[in-house]
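# Fold and contact review
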Amino acid sequence: MFKNQVIRIIELIGQGYRLSKQDDNLLRQDLLETNKHLQAIDNNALSDLGTHEIDAIIRQRSHLVQLAYPEISQVIVKQNIQLDHPSDIFTLLWYYWIPLARKLAHQQQKLGRPLIQGLLGGQGAGKTTLGLVLNILLKHLGKTFLSISLDDFYKTYADRQKLRERRPVLIWRGPPSTHDVDLGIQVLQQLRDRYSDQPQPTAIPRFDKSLHNGAGDRIGTEISYGADIVVFEGWFVGMRPLPISTFRHFIPPILSESDREFALECNANLYNYLPLWDYLDSLIVMIPENYQYSLQWRLEAEHKLIASGKTGMSDHEITQFVEYFWKALHPELFLPRMLGYYTINERLLGEPISPISQINGDHIGADPPVDLVIEISRSHLPRRIYRP
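Residues numbered from 1 in each chain as written. Predicted model: local features only at pLDDT ≥ 70, side-chain atom pairs only at ≥ 80, totals over all residues. Heavy atoms only, no water.

All right, on to the pairing of strand β6 (residues 282-288) then. Counting buried positions along β6 yields 7 of 7 residues, so the element is predominantly enclosed. Residues Ser282, Ile284, Met286 and Pro288 line one face of β6 and the alternating positions Leu283, Val285 and Ile287 line the opposite face, and both faces are buried. Where β6 lies against strand β11 (residues 370-376), 6 bridges are found, and the strand directions are parallel. Bridge assignment links Val285 to a residue of β11, and that residue is Val373. (Buried < 20%, exposed > 50% of the residue type's maximum accessible area, 1.4 Å probe, protein only. Helix = DSSP H or I, 4+ residues; strand = E, 2+ residues; numbered from the N terminus. Pairing = 2+ DSSP bridges.)

The subject of this paragraph is the confidence of the model for the chain. For the chain, per-residue confidence averages 84 on the pLDDT scale, and 87% of positions sit at 70 or higher. Contacts from residues 342-368, a stretch scored under 50 in pLDDT, to residues over four places away or in other chains number 71 contacts. (pLDDT = per-residue confidence, 0-100. Contact = heavy atoms within 4.5 Å.)

With that out of the way, let us pick up unusual backbone geometry. Cis peptide bonds are those with omega within 30 degrees of zero, and the linkage from Pro252 to Pro253 qualifies with 5°. Structurally, the position occupied by Pro253 is in the loop between β5 (229-234) and α8 (257-269). Its identity is not glycine, yet Ser177 carries a phi of approximately 110°, on the positive side. Examined against the element boundaries, Ser177 turns out to sit in the loop between α6 (157-166) and α7 (181-192). Residue classification places Ser177 among the buried positions, given a relative accessible area of 16%. The phi dihedral of His380 is positive, around 75°, even though this residue is not glycine. Among the structural elements, His380 can be located in the loop between β11 and β12 (382-386). We classify His380 as partly exposed; its relative accessible area is 34%.

This brings us to the sheet that holds β12. Consider a sheet: its strands pair through backbone hydrogen bonds, and that pairing is either parallel or antiparallel. In space, the 6 strands of this open sheet follow the order β2-β5-β1-β6-β11-β12, with mixed pairing throughout. Bordering the open sheet on either side are β2 (145-149) and β12, each of which pairs with just one other strand. Taken over all neighbouring pairs, the strand axes of this sheet differ in orientation by 20° on average, direction set aside. Here strand β1 (residues 115-121) runs beside β5; their pairing, made up of 6 bridges, is parallel. By the bridge assignment, Leu120 is partnered in β5 with Gly234. The strands that helix α4 (residues 88-111) touches are β1, β5, β6, β11 and β12; relative to β1, the one it contacts most, it runs at about 140°. Against the sheet, helix α12 (residues 331-339) contacts β1, β6, β11 and β12, and its axis sits at roughly 135° relative to β6. (Axes fitted to C-alpha atoms, helices over the stretch in contact; angles between N-to-C directions.)

On to the packing of helix α1 (residues 4-14) against α4, then. At a minimum axis separation of 9 Å, α1 and α4 run at an interaxial angle of 90°. As summarised for this structure, α1 and α4 are arranged roughly perpendicular, according to the angle between their axes. Residue-level inspection shows Val6, Ile7, Ile10, Glu11, Ile13 and Gly14 of α1 in contact with α4, the latter providing Phe90, Thr91, Trp94 and Tyr95. (Parallel < 35°, antiparallel > 145°, perpendicular 65-115°, else oblique.)

As a further point, take the nonpolar core. One finds Ile148, Phe232, Met239, Leu276, Trp277 and Val285 to be the most contacted residues of the largest nonpolar core, which totals 56 residues. In terms of residues, this core owes the most to one element, helix α11 (residues 315-328), which gives 7 residues. Formed by 51 residues, the second largest nonpolar core is a distinct cluster that contains Ile54, Leu64, Tyr96 and Trp97. (Core = buried A, V, L, I, M, F, W, Y, C linked by side-chain atoms within 4.5 Å.)

Structure (structure tokens):
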């Protein structure tokens, strides 16, 4: 998808060079070819556009590359974001970050009020990086941006300790029931319903995961006067409860009755989050080709942490930690429903199961409003972007 010649041309754009006619023609050809993989981001199918319209898209992207590349490259270095190759930043800018930023700006403009954009993705999928980049790009598109995490709405440490006394199975923060849903609703409502001519301050709670030996706690609030685009991200943002019969059979690591009871409890607790999801205008799902990548990514991150001289968990502890969340909301159970009759395996994301799919006899139609799926490769790069 990403040809070396095209990447070289995009690099030249970022460095401010003037392109030749041959370079322009190659960009046009490549844009039409890659649109087959990334067509969901563009508001119109590029194959339906004329030459002048395609040239306009190329000019717009080129202008944003020149404006945003210096800032984004600094963020990549400052945040120690690992890319396989230095040219990956141009690949991501041209095919992924810029089209997505333009799509969000267009959605918000059409909506006429702040856009609440849901973003579901596990660790390693790139949510944090995407938020940092969108902040820069949307600024150059004349839009203000705010990122909020589901983590920011965790219950206080004291409240979670009381919860754990009642439910000892809640070893770690994270599963449904460990968040203050009412607080989340209050914040999203204030951000959504603000008036641009009379901005009102909104207190955004912030959470520090390092407090209380890693249990984490709130650290006060950050005052926001609103934003045109609010990204609300988290590992199960937008997930909805499944029919009970979905859990009839064991699926690793759900291998015991106690595991199944925990999964059923987490599934039932999702009902409490539905009023919060109602504030989402749209939902993007960032999903690895193989959900087990999240374990591999977490292991790699921990190994780097230990190599830097800091303390970290053992491989066994990491595996237990990740599997705890798979037991709570198993990707192979929840994601097919969200994506709409799609199955997930290590070969391909997006193979239809059937026109009418069932789990244990229960219809699992895609009622959650997922409007964009970003498929993430083993190397953390987007492999394909589509509408489910």
